[in-house]
2 protein chains.
Amino acid sequence: MRTEISTLGEFGLIRRLTESIELKNESSKYGVGDDAAVLSYPENKQVLVTTDLLMEGVHFDLVYVPLKHLGYKSAIVNFSDIYAMNGTPRQITVSLALSKRFSVEDMDEFYAGLRLACEQYNVDIVGGDTTSSLTGMAISITCIGEVEKDNIVYRNGAQETDLICVSGDLGAAYMGLQILEREKAVFKGEKEVQPDFSGKEYLLERQLKPEARADIIKKLTEAGIKPTSMMDISDGLSSEMLHICTQSKVGCRIYEEHIPIDYQTAVAAEEFNMNLTTCALNGGEDYELLFTVPLADHEKISEMEGVKLVGHITKVDMGCALISRDGQEFELKAQGWNPLMDDKK
Amino acid sequence: MRTEISTLGEFGLIRRLTESIELKNESSKYGVGDDAAVLSYPENKQVLVTTDLLMEGVHFDLVYVPLKHLGYKSAIVNFSDIYAMNGTPRQITVSLALSKRFSVEDMDEFYAGLRLACEQYNVDIVGGDTTSSLTGMAISITCIGEVEKDNIVYRNGAQETDLICVSGDLGAAYMGLQILEREKAVFKGEKEVQPDFSGKEYLLERQLKPEARADIIKKLTEAGIKPTSMMDISDGLSSEMLHICTQSKVGCRIYEEHIPIDYQTAVAAEEFNMNLTTCALNGGEDYELLFTVPLADHEKISEMEGVKLVGHITKVDMGCALISRDGQEFELKAQGWNPLMDDKK
C-alpha cells in the first residue's frame, strides 16, 4: 500500500499525523494548528531549549534504519540533551523535509516511532513544519523542557577532585553501526559474508533504538546528588570530557580499566579488528550521561546501579589524560565522530 | 578568500559564528555552549514556539539569493509567526546543514544577515546545531516568543460580522520571485532578455528581504484593538483566509477591489501576463498580517495606516467567497503555493 503525499497535501498530511495527539503536560496549552504553539511554565521553572538537525546520508541511512526506529531515535536524542541539563523534556516540535520517494505510509511509520518515544517519556508534540526536499530526508526536532533554577547542571561546574561518572556502557552504538554497515555492503553484493545478527542484538538496539537516561536523573535526585557538571555522550567520551574540562577550566584523568563496556561490544570490536578502548572513547551515539560529582558523594555514587566511576578531575595544568591499563598516560584527544569533518557516516 | 569549514571543524565554526553574541533579553539566561539553552519567563507570560525548515532548491535558490539575505529572511519568517499570535519574538535557535561547497566566509555572510534581523527585532540567538549535508543546504530555525495569556490571538476566534483586515500589500514578493526566476533563465542563456531591475526594487526587496509586521502589532495594541483571529500570510491570502474560516467555523466575503496591491506589482503582473488578483490572492511569502476585528472597531481600524479592510466574516453556511469588481461571487480556493505539491519553487 502506497499513498502519495500529494494526494493529501501538506495540511492533509499534518492533520493525519497529528489529529489524535492529546496534550498531556500541564505546560502544553495549545499544540499543532496555529502559527505557534503556546506553553505556560510556572515561575519557579526555567525553560530549556535544544535542537537537532538530522540529514539523510549523514546521520541516518534508510537502507538499514526502519522509519519507525528513526522517528523514535530522533526524539530520544533531543530528550537526552534536556536530561543532560538535569531537566525534564515536556514538548517537541517536529519539522520534516521529504522527497517524492516517501509515501503517506512512510510518514505514518515515522510518526509511530516518534509518538512511542513521546508516550514513554511523557512529552507532547506541539508543532512543526512539513515540506518537500529535492533530494533526501531532513528531520529537525526542537525539544523544550523544564528544570528548577537551582537544579540546572551546566558543563562548566566541574571542580578539582570531583569524581567523573558515566552511566550505562560505551561504544555499543558504534559497533551496532559497524554491523549494519557491513550488512549493507553484503546486501549490495560487495562482500561475501552472510548476515549474522545473533549475539549482537544489544549492539543493534543501541544503534537503532537508543534510550535517554531519565532513570539516572531520577536516581541522582532521589539520592540527593546534584552533579557539578553534566552532558550527554553523543560524540564519544573523549570529546565530551574535553568539553567539560575546557568549560570548567580543569584537567582530568580517565582510567581505561574503568570505562564501562558491554561484552557484546568487546566481541564485536575483536571481530572487526578494532581497538576496543578507541571504540568506547570515540564511538558516537551512546546517549549516556557523563557527569562529575563532589568527592563527598563517593559512597552514594559507588552504590548507584548503572553508574560507573571512570576517573577524577584535576587542576587545569595537569591536562586531560587517559591512564592505560599498564599505567601509561595518553593525552585525551577528541577524535570523536564529527559530521562536518567526515562524511563516512 | 575561501576557508574550508573542515579547517575549523564543527565546534570551531560554531565558536566563530556565535562568540560575540550578547544576550539582550531578560528571559535569555544561557545561550550557545551547553546541551540546551536556558530561558526564564515570568509567570504572567506564556511562551510561544514556532519552527520552520527551509530546503535549498525548494524554498530558496542560491543562484539569486545572497546568503546574507537568506539569513535575514530565515529569521524574519519565524518572527512573523510569533507576531501573528500577537506575541513578541525573544529567542531563536539556528540549525544548519551544509555541503562541502560552503565555506567559512559563506557562513559569516549567512550569520551577518541572521544577526542583523535579530538586532532589528531584539531577538537573541541562543542555540543551534551545525552539521553536514550530502547535497544542498538546510536551515531550521525555531523561534520562542512571549505574550500575556489574555492577549494571545488564535486563528479560531473570528465571529460573524467581524471585519477582515490585511496589513501592507500583497503579491509583491511573488512578483519579485518571477523577476528573479526570469533573470536566472537569462543568466543560463535560456532567454534573450536583458536583466532590468529598474522600477522593480520594491518587488525584489519584498522577496529577498521581507520584514515582519511588528509595527502593526504595536499599533493595534496602542489603539486598544485585540483582533478576534490572526495569522501571517505566507501561502497567500486565499489559503490563510480559509484556515481562519475553517478553524473559526465561519464564512467570509473578500472584495477584490479592496485587496491592497502595490503599483510595481500591478506593472509586473501585466509584464508577465499574469492575473493580478490571482497573484495577490495566491502568491506566497508576503509575511503580512491577516486578522479580523469586531465591527465596533471599524472607525479605529479604518484610520490605521498600513491596514486595509478587505471584507467581512459571515455565517458558515454562506461559504467563503471573493466578490469581483463586477459583483460576481467566486468560491475562494487555496491554490496557494504548496511546496509538498509543487516543486516549481
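Quantities reported herein were computed from a predicted structural model and do not represent experimental measurements.

So, how was this worked out
Chains are numbered independently. Their residues run from 1 in the order of the written sequence. Written order decides the labels, with chains lettered from A and ligands numbered from 1. Local features in this predicted model are restricted to residues of pLDDT 70 or higher, and side-chain atom pairs are both shown and tallied only at a pLDDT of 80 or more, whereas totals for entire chains, interfaces and linings draw on every residue. Computation of side-chain values: all heavy atoms of the structure, hydrogens and water removed. A run of DSSP states H or I qualifies as a helix once it reaches four residues; a run of E qualifies as a strand once it reaches two. Both are numbered from the N-terminal end. Buried means the residue's accessible area, taken with a 1.4 Å probe over protein chains only, is under 20% of the maximum for its type, while exposed means over 50%, and partly exposed covers the values in between. By definition in these notes, contact holds between two residues if any of their heavy atoms fall within 4.5 Å. Here the accessible surface of atoms and residues is derived via Shrake-Rupley with a 1.4 Å probe, and residues count as covered only by protein chains that are part of the display. The charged-residue count follows a simple rule in which Lys and Arg add positive charge and Asp and Glu add negative charge, with His and chain termini not counted at all. Each charge is placed at NZ for Lys, CZ for Arg, CG for Asp and CD for Glu. Strand pairing is assigned whenever DSSP identifies at least 2 bridges connecting the two strands. Here an angle of 0 to 180 degrees is reported between the N-to-C directions of two axes, which are lines fitted to C-alpha atoms, with helices fitted over the stretch in contact. By buried area we mean the combined loss of accessible area, with a 1.4 Å probe, across both parts when two parts are placed together. When a carboxyl oxygen of Asp or Glu lies within 4 Å of a side-chain nitrogen of Lys or Arg, that pair is called a salt bridge. Whenever two N or O atoms come within 3.5 Å, that pair is a polar contact, provided that in protein one can donate a hydrogen and the other can accept it, and provided that, for residues adjacent in sequence, both atoms are side-chain atoms. Only protein atoms enter the calculation, which uses a 1 Å grid: trapped sets of points that fit a 1.4 Å probe without letting it out are cavities, open sets showing protein on both sides within 12 Å along at least five of seven lines are pockets, and any residue with an atom within 4 Å of a point is a lining residue. Grid points are joined across faces, edges and corners, and a volume is the space filled by probe spheres set on the points. Polar here means any residue outside two lists: the nonpolar Ala, Val, Leu, Ile, Met, Phe, Trp, Tyr, Cys and Pro, and the charged Asp, Glu, Lys and Arg; Gly therefore counts as polar. Ring pairs shown here join Phe, Tyr and Trp side chains whose ring centres sit within 6.5 Å, with only the six-membered ring taken for Trp; geometry is labelled stacked below 30 degrees between planes, edge-to-face above 60, and tilted in between. Over a ring means this: the NZ of a Lys or the CZ of an Arg is within 6 Å of the ring centre and within 35 degrees of the ring normal. A least-squares superposition brings the copies together, and it is based on the C-alpha atoms of residues with pLDDT no lower than 70 in both. Each residue carries a pLDDT score, the predictor's own confidence in it, on a scale running from 0 to 100.

**Student:** Account for the overall build of chain A, with residues named and values stated.
**Tutor:** A count of helical and extended segments in chain A gives 10 helices and 13 strands. Principal-axis analysis of the C-alpha atoms gives chain A an extent of 65 × 60 × 30 Å. Out of the 345 residues in chain A, the part that is buried amounts to 61%. Excluding contacts between residues fewer than 6 apart, the proportion of contacts in chain A whose partners are at least 24 apart in sequence is 86%. Surface summary for chain A: the accessible area is close to 13,900 Å², and the carbon and sulfur share equals 49%. In chain A, 34 side chains carry a positive charge and 56 a negative one; their mean positions are 1 Å apart.

**Student:** I'd love a proper account of the sheet that holds strand β7 (residues 163-167) of chain A, names of residues and values included.
**Tutor:** Residue and element names in this part refer to chain A. One open sheet accounts for 7 strands, arranged β8-β10-β7-β11-β9-β12-β13; its pairing is mixed. The sheet is open, and its two edges are formed by β8 (229-233) and β13 (329-331), each paired on a single side. Within the sheet, the average angular offset between the axes of one strand and its neighbour, ignoring direction, is 25 degrees. Bridge analysis of β7 against strand β11 (residues 307-314) gives 5 bridges, and the strand direction is antiparallel. If you follow Leu-163 over to β11, its bridge partner there is His-312. Sitting on the sheet, helix α7 (residues 237-248) touches β7, β8, β9 (251-255), β10 (288-293), β11 and β12 (320-323), and the angle it makes with β8 is about 155 degrees.

**Student:** Can you explain the interface of chain B and chain A? Please cite residues and give values.
**Tutor:** Chain B puts 68 residues into the contact, and the matching count from chain A is 68 residues. Of the roughly 5,700 Å² buried between chain B and chain A on both sides combined, carbon and sulfur atoms contribute 55%. One can count 4 salt bridges joining chain B with chain A. Across the salt bridge formed by Asp-35 of chain A and Arg-155 of chain B, the nearest N and O atoms sit 3.2 Å from each other. Taken together, the connections running from chain B to chain A amount to 22 residue pairs in polar contact (both at pLDDT 80 or more).

**Student:** Can you lay out the pairing of strand β8 (residues 229-233) of chain B for me, pointing to particular residues and giving the numbers?
**Tutor:** Residue and element names in this part refer to chain B. Most of β8 sits inside the fold, with 5 of its 5 residues counted as buried. Bridge analysis of β8 against strand β10 (residues 288-293) gives 5 bridges, and the strand direction is antiparallel. From the neighbouring strand, Met-230 faces β10, where its bridge partner is Phe-291.

**Student:** Residue-level account of empty space enclosed by the protein, with values.
**Tutor:** Summed over all chains, the structure comprises 1 cavity of 30 Å³ or more. A volume near 30 Å³ is recorded for the largest cavity. Lining the largest cavity are Tyr-41, Pro-42, Lys-45 and Val-47 of chain A together with Tyr-41, Pro-42, Lys-45 and Val-47 of chain B. Looking at the lining of the largest cavity, the elements that each hand over two or more residues are β3 (45-55) of chain A together with β3 (45-55) of chain B. A per-class count over the lining of the largest cavity returns 6 nonpolar, no polar and 2 charged.

**Student:** Before we move on, could you go through the packing of aromatic side chains and cite the residues and values that matter?
**Tutor:** Residue and element names in this part refer to chain A. Evaluated as defined, the whole model comprises 8 aromatic pairs over all chains. Through a chain of ring-to-ring contacts, three or more aromatic side chains come together here, namely Phe-79, Tyr-83 and Tyr-121. Over the ring of Tyr-72 we find Lys-209; its NZ or CZ atom is 4.4 Å from the centre of that ring.

**Student:** Before we move on, could you go through helix α5 (residues 201-208) of chain B and cite the residues and values that matter?
**Tutor:** Residues Leu-203, Leu-204, Arg-206, Gln-207 and Leu-208 of chain B constitute the buried set of α5 of chain B. The inward-facing, buried residues of α5 of chain B abut α2 (67-83), α4 (172-187), α8 (263-271) and β10 of chain B.

**Student:** Report on the relation of the copies chain B and chain A, specifying residues and quantitative values.
**Tutor:** With an RMSD of 0.0 Å, the operation that places chain B on chain A is a rotation of 180 degrees combined with a shift of 0.0 Å along the axis. Given the turn and translation reported, the copies of this chain are related as if by a two-fold rotation axis. Closest to the rotation axis within chain B is the C-alpha of Glu-43 of chain B, separated from it by 2.4 Å.

**Student:** So what's going on with the confidence of the model for chain A? Residues and values would help.
**Tutor:** Predicted coordinates in regions of low pLDDT should not be interpreted in detail. Residue and element names in this part refer to chain A. Mean pLDDT over chain A works out to 93, with 95% of the residues at or above the 70 mark. In the predicted structure, residues 337-345 sits below a pLDDT of 50 and forms 30 contacts with residues beyond four places in sequence or in another chain. For this predicted complex, the interface confidence reaches an ipTM of 0.93, while the overall pTM sits at 0.94.

**Student:** Describe the pattern of salt bridges, with residues and values.
**Tutor:** Scanning the entire structure with this criterion turns up 44 salt bridges over all chains. A salt bridge links Lys-73 of chain A to Glu-285 of chain A, with the shortest nitrogen-to-oxygen separation between them at 2.9 Å. Of this pair, Lys-73 of chain A sits in helix α2 (residues 67-83) while Glu-285 of chain A sits in the loop between α9 (276-282) and β10, and the two are 212 residues apart along the sequence. Under the relative-accessibility criterion, Lys-73 of chain A is labelled buried at 11%. Note that Glu-271 of chain B and Arg-182 of chain B form a salt bridge whose closest N and O atoms lie 3.2 Å from each other. Of this pair, Glu-271 of chain B sits in helix α8 while Arg-182 of chain B sits in helix α4; the two residues are 89 residues apart in sequence, bridging distant segments of the chain. One network of salt bridges, with partners in common, ties together Lys-45, Arg-90, Glu-146 and Glu-148 of chain A.

**Student:** An account of the sheet that holds strand β7 (residues 163-167) of chain B is needed here, citing residue identities and associated values.
**Tutor:** Residues and elements named next belong to chain B. An order of β8-β10-β7-β11-β9-β12-β13 is seen for the 7 strands of this open sheet, with the pairing classed as mixed. Two strands in the sheet have a free side with no partner beyond their single neighbour: β8 and β13 (329-331). Pairs of neighbouring strands in the sheet enclose a mean axial angle of 25 degrees, with direction left out of account. Of the strands in this sheet, β7, β8, β9 (251-255), β10, β11 (307-314) and β12 (320-323) touch helix α7 (residues 237-248), which is tilted by about 155 degrees from β8.

**Student:** Can you explain the side chain of Glu-288 of chain B? Please cite residues and give values.
**Tutor:** All names here are of chain B. Locating Glu-288 in the fold gives a position in strand β10. According to the relative accessible area criterion, Glu-288 is buried, its value standing at 1%. A distance of 2.5 Å separates the side chain of Glu-288 from the side chain of Ser-167, its partner in a polar contact.

**Student:** Describe the environment of Leu-242 of chain B, with residues and values.
**Tutor:** Residue and element names in this part refer to chain B. Here Leu-242 lies in helix α7. A sequence separation of 10 residues divides Leu-242 from Cys-252, and the C-alpha atoms of the two residues are 8.7 Å apart. Setting aside its immediate chain neighbours within four residues, Leu-242 contacts Cys-320, Leu-332, Lys-333 and Ala-334.

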